[in-house]
Amino acid sequence: MDLLEYQGKQLFKRHGVPVSPGAPATTVDEAVAAADEIGYPVVVKAQVLIGGRGKAGGIKLAADRDEAKTHAEAILGMDIRGHTVHELWIEKASDIASEYYASFVFDRAAKATLVMLSTQGGVDIEEVAESDPDAIARVHVDPLLGFQDFHARELAFKAGVDADVVRGVTTLLSRLYDAYAAEELMLAEVNPLIVTPDREVRALDAKVTLDDNALFRHPDNGALRNPGAEDEQEQMAKERGLTYVKLDGDIGILGNGAGLVMSTLDVVAQAGGRPANFLDAGGGSKAEAITQAVEVILSDPKVKAVLFNIFGGITRCDEVAQGLITAFEQIKPTVPFVVRLDGTNDKEGRQLLADANLPNVHTESTMDGAARKVVELAA
Amino acid sequence: MSILVGEDTRLVVSGITGREGTFHAMNNKRYGTNVVAGVTPGKGGQDVEGVPVFNTFRDAVDETQANTAMIFVPPRFAADSILEAADAGIELVIAITEGIPAHDELRVYTQLKRDGRTRLIGPNCPGILSPGKANVGIIPAAFFKEGNVGVVSRSGTLTYQIGNELAQRGFGNSSIVGIGGDPVPGSSFIDVIELFEADPQTELIVMSGEIGGSAEEEAAEYIAANVSKPVVGYIAGVTAPPGKTMGHAGAIVSGSSGGAQAKIEALESRGVRVGRTPTQVAEIAVEVLGN
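Residues numbered from 1 in each chain as written. Chains lettered and ligands numbered in written order. Predicted model: local features only at pLDDT ≥ 70, side-chain atom pairs only at ≥ 80, totals over all residues.

1. A look at the overall build of chain A
- Within chain A, the secondary structure is distributed over 13 helices and 18 strands.
- For the C-alpha atoms alone, the extent of chain A along its principal axes is close to 80 × 50 × 40 Å.
- Of all 379 residues assigned to chain A, the portion counted as buried reaches 47%.
- A fraction of 70% describes how many contacts in chain A between residues 6 or more apart in sequence connect residues 24 or more apart. (Helix = DSSP H or I, 4+ residues; strand = E, 2+ residues; numbered from the N terminus. Buried ≥ 20, exposed ≤ 12 C-beta atoms within 10 Å, placed from the backbone. Contact = placed C-beta atoms within 7 Å.)

2. A word on unusual backbone geometry
Residue and element names in this part refer to chain A.
- A cis amide bond links Y40 with the next residue in sequence, P41, at an omega value of 0°.
- For the bond from N191 to P192, the omega torsion is 10°, close enough to zero to count as cis.
- Tracing the sequence through the fold places P192 in strand β10 (residues 185-195).
- Unusually for a residue other than glycine, R81 sits at a positive phi of about 45°.
- Among the secondary structure elements, R81 is positioned in the loop between β4 (79-80) and β5 (83-84).
- For R81, a count of 12 C-beta atoms within 10 Å translates into the label exposed.
- Even without being a glycine, K111 presents a positive backbone phi close to 55°.
- Its location among the elements puts K111 in the loop between β7 (98-107) and β8 (112-118).
- Classification of K111 by C-beta neighbours within 10 Å gives partly exposed; the count is 19.

3. Focus on the sheet that holds strand β3 (residues 59-62) of chain A
All names here are of chain A.
- Taken in spatial order, the four strands line up as β1-β6-β2-β3 in an open sheet, and their pairing is antiparallel. On the outer flanks of this sheet lie β1 (22-25) and β3, each paired with one strand and no other. Across the sheet, the mean angle separating the axes of adjacent strands is 20° when strand polarity is ignored.
- Bridging between β1 and strand β6 (residues 88-92) involves four bridges; their strand directions are antiparallel. If you follow A23 over to β6, its bridge partner there is I90.
- Relative to β1, helix α2 (residues 28-38) is tilted by about 170°, and along the sheet it contacts β1, β2 (42-46), β3 and β6.
- Contacting β2, β3 and β6, helix α3 (residues 65-75) crosses the sheet at an angle of about 5° to β2. (Pairing = 2+ DSSP bridges. Axes fitted to C-alpha atoms, helices over the stretch in contact; angles between N-to-C directions.)

4. Some details on the confidence of the model for chain B
- Looking at chain B, pLDDT values average 95 and 100% of them are 70 or higher.
- The complex model carries a pTM of 0.93, and its ipTM stands at 0.91. (pLDDT = per-residue confidence, 0-100.)

5. Some remarks on the interface of chain A and chain B
- Tallying the contact residues gives 42 residues for chain A and 47 residues for chain B.
- Listed by contribution, the elements that provide at least two residues to the side of chain A that touches chain B are β13 (243-246), α9 (258-270), β15 (277-280), β17 (337-343) and α13 (367-378) of chain A.
- When the residues that make up the side of chain A that touches chain B are grouped by side-chain class, the tally is 21 nonpolar, 11 polar and 10 charged. (Nonpolar A, V, L, I, M, F, W, Y, C, P; charged D, E, K, R; others polar.)

6. Considerations on the environment of B:G21
Residues and elements named next belong to chain B.
- Within the secondary structure layout, G21 lies in helix α1 (residues 19-31).
- The class for G21 is buried, based on 21 C-beta atoms found within 10 Å.
- Sequence separation of G21 and I190 is 169 residues, and the distance between their C-alpha atoms is 29 Å.
- With near-sequence residues (within four places) excluded, G21 lies in contact with V13, G15, I16 and F72.

7. Details of the domain arrangement of chain B
Residues and elements named next belong to chain B.
- For chain B, the assigned domains read domain 1 (11-121) and domain 2 (144-289).
- Each of domain 1 and domain 2 was reduced to a C-alpha centroid, and the two centroids are 26 Å apart.
- Contacts between domain 1 and domain 2 engage nine residues on the former and seven residues on the latter.
- Among the elements of the structure, α4 (102-115) and β7 (119-121) are those that each provide at least two residues to the side of domain 1 that touches domain 2.
- The greatest single-element share of the side of domain 1 that touches domain 2, amounting to five residues, is contributed by α4.
- Partitioned by chemical class, the residues of the side of domain 1 that touches domain 2 number seven nonpolar, no polar and two charged. (Domains from an automatic or database assignment.)

8. Here's the deal with the pairing of β7(A)
All names here are of chain A.
- In terms of burial, β7 is largely enclosed, as seven of its 10 residues are buried.
- Summarising the sheet, β7 and β10 pair through seven bridges and their orientation is antiparallel. What sits directly across from A102, in β10, is V190.
- Joining the antiparallel neighbours β7 and β8 is a turn of four residues, in which K111 adopts a positive phi near 55°.

9. Here's the deal with the packing of α9(A) against helix α5 (residues 157-168) of chain B
- One way to put it is that α9(A) packs onto α5(B) with a least axis distance of 5 Å and a crossing angle of 65°. With respect to each other, α9(A) and α5(B) are oriented roughly perpendicular. Between α9(A), through A:G259, A:L260 and A:S263, and α5(B), the contact on the second element is made entirely by B:T157, B:L158 and B:Q161.
- Per-class residue counts for the contact of α9(A) with α5(B) are two nonpolar, four polar and no charged. (Parallel < 35°, antiparallel > 145°, perpendicular 65-115°, else oblique.)

10. Remarks on helix α9 (residues 278-289) of chain B
Residues and elements named next belong to chain B.
- Across its 12 residues, α9 extends 17 Å between first and last C-alpha, which sits within 8% of the 16 Å expected from 1.5 Å per residue.
- Every buried residue of α9 is listed here: P278, V281, A282 and A285. When α9 is viewed along its axis, its buried side chains cluster within an angular range of 95° and face the same direction.
- Of the residues flanking the end of α9, it is G290, one or two places downstream, whose phi is positive at about 75°. (Expected span 1.5 Å × (residues − 1). Arc of directions from axis to C-beta.)

11. Re the sheet that holds strand β5 (residues 68-71) of chain B
Residue and element names in this part refer to chain B.
- Strand order in the open sheet formed by seven strands is β3-β4-β2-β1-β5-β6-β7, and the pairing between neighbours is mixed. This sheet does not close on itself; its edge strands, each paired only once, are β3 (47-48) and β7.
- In this fold α1 packs onto β1 (11-14), β2 (35-39), β3 and β4 (51-54), with an angle of close to 170° to the strand it touches most, β2.
- Sheet strands in contact with helix α3 (residues 75-87) are β1, β5, β6 (92-95) and β7, and its direction is about 165° off that of β6.

12. Focus: the environment of B:L83
Residues and elements named next belong to chain B.
- Mapped onto the fold, L83 is located in helix α3.
- Assessed through the 19 C-beta atoms surrounding it within 10 Å, L83 is described here as partly exposed.
- Along the chain, L83 and L112 lie 29 residues apart, while their C-alpha atoms are 7.9 Å from each other.
- Each residue touching L83, except ones within four places of it in the same chain, is listed here: V108 and Q111.

13. What to know about the nonpolar core
- Ranked by internal contacts, the top residues of the largest apolar core, which has 147 residues, are B:I71, B:V93 and B:I94.
- Considering every element that reaches this core, the biggest residue donor is α9(A), with seven residues.
- Leave out the neighbours within four places in its chain, and B:I94 touches B:T68, B:A69, B:M70, B:I71, B:I121, B:G122, B:G127, B:I128, B:V136 and B:G137.
- Among the nonpolar cores identified, the runner-up in size contains 67 residues, and A:V17, A:V169, A:L172 and B:V184 belong to it. (Core = buried A, V, L, I, M, F, W, Y, C linked by C-beta atoms within 7 Å.)

As structure tokens, then:
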């Protein structure tokens with residue numbers, strides 16, 4: 001899960017990473033009150049999980065209350081590359097002498113934490129990596145040793161940070177590591193990390209990715225919400241404990257096992273169709289989970305046909321069939337279903353479906369055949 | 001022959017007294033796997049259908065000479081259980097548990113590599129099946145028979161799908177190894193392909209990958225340099241959108257890395273044929289090995 005800038009900054013602050021004073025706001029009144037409290041000038045920043053907020057007009061400097069009000073009105077509800085702005089972050093404006101870059105990345109290929117520091121911050125770091133790779137100092141940290149002060153010094157000297165802020169930068173890096181390690185982050189990125197004219201070092205932005213699997217140890221992080229990022233179906237699926245990803249097509253997909261569902265999306269696309277979602281009903285799917293999954297899939301109005309692709313291992317095909325029958329009793333779907341059942345108890349499952357004689361449900365025996373059929377029905 | 005699990009396997013199951021743990025341990029036992037012990041702290045002295053339960057891995061190893069562990073405990077206890085098994089001298093740990101925090105996995109991976117005695121398969125994997133010999137994990141063994149195709153995969157049901165396509169064309173398997181769908185798997189494609197290359201029973205290797213990370217690209221290089229046996233690949237997630245986790249914690253395209261197309265190209269450019277569907281994988285296997 002990715003955090004909004006302000007959620008990331010509040011997390012940083014808990015671990016001693018210096019950030020500017022600020023407050024979140026969801027209405028114009030809240031924004032103005034926050035700005036009054038903080039003291040002008042302030043920056044009004046759109047809170048959305050997409051880059052290029054500044055260019056899109058989502059970050060504005062306000063010298064006084066009138067400007068704060070004008071900007072808050074303009075930015076709340078604004079669409080930034082498909083993301084609607086529901087929240088603002090009002091922050092004390094900063095004077096900037098230099099812009100650096102710092103990050104801790106969970107580097108799965110290297111099986112270690114990658115730490116990067118550069119004096120070329122405030123721009124897209126992937127571009128810097130391409131045009132001037134030597135401008136980024138890198139260190140891999142042994143997970144059993146952790147990030148030590150010498151790592152921080154090595155990075156600071158290699159990156160060529162100004163001599164008078166080496167201490168400030170290394171301290172910030174150590175605190176940022178504390179946040180990364182203690183909160184079990186997959187990414188903690190600061191871009192830009194600023195040096196002010198009076199030589200203070202601060203995180204002016206925050207990009208944080210949480211490890212969803214670690215949230216049971218961090219209930220406060222698990223409770224963080226981003227109303228703009230989750231659509232209706234994803235929210236519904238989450239409440240029902242289903243793994244669902246919204247896609248932009250019109251063929252609803254349900255399968256068991258992440259790999260098989262990904263493969264199903266690919267096979268449907270190869271047959272000329274466009275999947276509406278990824279939905280993994282999980283190993284050992286019980287009838288009730290299947291019924292709930294159908295509910296979620298059909299709540300997307302774009303869905304014109306649904307494909308069930310089940311290979312029964314622990315999951316029993318008769319359970320899946322029973323779940324579908326119940327779903328038909330409760331929801332009475334109007335779109336066609338194609339059901340491919342193979343593996344454990346597949347004959348029993350197909351028999352149940354045949355006996356139930358559900359309207360507009362087609363059974364297929366192969367994955368490829370089922371994909372072709374559902375594409376035909378959705379056309 | 002087979003790899004990793006077989007007639008020499010002496011299995012201890014962590015979490016054997018849990019509902020899922022009991023179910024699958026007994027399934028494995030009925031298949032013929034030598035299940036010698038279980039571990040559940042506080043339940044030492046009990047038994048599960050005749051399999052003795054111990055408080056610690058060390059007790060289990062001392063009393064039963066267990067050499068392989070299966071981890072079936074919930075995510076918050078799994079890293080500890082893997083480390084305990086390794087500390088007790090277990091050579092092979094197979095972790096079925098899904099949902100282990102990534103930082104835990106990284107610590108475990110690093111510790112096991114440093115120690116050098118224990119191989120970890122998984123976590124978040126279906127286990128290993130060597131048809132006719134032993135089944136450790138949750139792979140539905142009824143669909144697979146003994147044969148000459150070795151399968152290594154990041155996913156469970158997709159492996160069954162591919163294995164079933166192969167079975168329908170008359171192929172059996174030396175071993176089927178699920179390496180798991182997490183960001184830091186204990187063993188990589190390369191680790192398992194190396195074993196298949198050395199296994200006399202295996203004549204063809206099928207590797208089933210998916211989006212996320214670079215393990216498939218690394219395997220492609222390794223195969224070109226070190227593997228004499230034919231390898232057929234499959235990559236799931238060609239149509240997966242970037243930035244979305246597709247079910248498996250490790251299945252995510254991040255920025256410009258981890259995409260399916262790059263993996264397919266890496267494999268094909270090094271002479272590995274890649275099926276575009278599970279069915280095509282089996283068709284290529286037929287072309288390579290004959291019927």
